[in-house]
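The chain contents come next:
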Amino acid sequence: MYQDWRQWARLCYALLLLALVWMLIKPEQLEQFANWQEARNLPKGFPLLQVSLFAVSAGLIFPKSKRLDSDNASDSLQFAAGLALSGVAWLIALL
């Protein structure tokens, strides 16, 4: 079990991102997003990019160790990369 509240927060955020991916890949959501994309003249493949970024960032953010320590630099770097990708996906959502 995770010993650190930050690990629980990471787990909850990763599950939130996976829930977003599950909601975004429904056919009606993809059609609505495609209509939104055409209205703003965005490049094709934008929905797939956003869903992919959310899915990859959820995998990177998901905690692997029991504690988030500065001693475990690879886990911290993976967490930072996941947050960066998640931020890009949220920016796409805000366009």
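Worth saying up front: this structure is predicted, and the values here are computed from it rather than measured. (Residues numbered from 1 in each chain as written. Predicted model: local features only at pLDDT ≥ 70, side-chain atom pairs only at ≥ 80, totals over all residues. Heavy atoms only, no water.)

## Side note on the nonpolar core
One finds L17 and F54 to be the most contacted residues of the largest nonpolar core, which totals 15 residues. Every element with two or more residues in this core is listed here: α1 (5-24), α2 (27-39), α3 (46-61) and α4 (73-94). The biggest single contributor to this core is α3, with 6 residues. (Core = buried A, V, L, I, M, F, W, Y, C linked by side-chain atoms within 4.5 Å. Buried < 20%, exposed > 50% of the residue type's maximum accessible area, 1.4 Å probe, protein only. Helix = DSSP H or I, 4+ residues; strand = E, 2+ residues; numbered from the N terminus.)

## Comments concerning the packing of α1 against α4
Two numbers describe how α1 lies on α4: the axes approach to 13 Å, and their chain directions differ by 35 degrees. As α1 runs across α4, the sense of the crossing is left-handed. Contacts between α1 and α4 involve Q7, R10, Y13, L17 and L20 on the former and, on the latter, D75, F79, L83, S86 and W90. Here the residues of the contact of α1 with α4 sort into 6 nonpolar, 2 polar and 2 charged. (Axes fitted to C-alpha atoms, helices over the stretch in contact; angles between N-to-C directions. Left-handed = near helix turned anticlockwise from the far one by under 90°. Contact = heavy atoms within 4.5 Å. Nonpolar A, V, L, I, M, F, W, Y, C, P; charged D, E, K, R; others polar.)

## With respect to the layout of surface pockets
The calculated volume of the largest pocket comes to roughly 170 Å³. Lining of the largest pocket is provided by L20, L24, Q29, Q32, F33, W36, Q50, F54, W90 and A93. In terms of residues, the lining of the largest pocket owes the most to one element, α2, which gives 4 residues. For the lining of the largest pocket, the residue count by class is 7 nonpolar, 3 polar and no charged. (1 Å grid on protein atoms, 1.4 Å probe; cavity = no way out; pocket = protein on both sides within 12 Å on 5 of 7 lines; lining within 4 Å. Points joined across faces, edges and corners; volume = space filled by probe spheres on them.)

## Focus on empty space enclosed by the protein
Counted under the stated rule, the structure contains 1 cavity of 30 Å³ or more. Each pocket or cavity is described by its volume, and for the largest cavity that value is around 40 Å³. Contributing to the lining of the largest cavity are L24, Q29, L30, F33, P47, Q50 and V51. Those elements that place two or more of their residues in the lining of the largest cavity are α2 and α3. Residues belonging to the lining of the largest cavity are distributed by class as follows: 5 nonpolar, 2 polar and no charged.

## Observations concerning the environment of S86
Summarising the element assignment, S86 is placed in helix α4. As for S86 and A14, which are separated by 72 residues in sequence, their C-alpha atoms are 9.8 Å apart.

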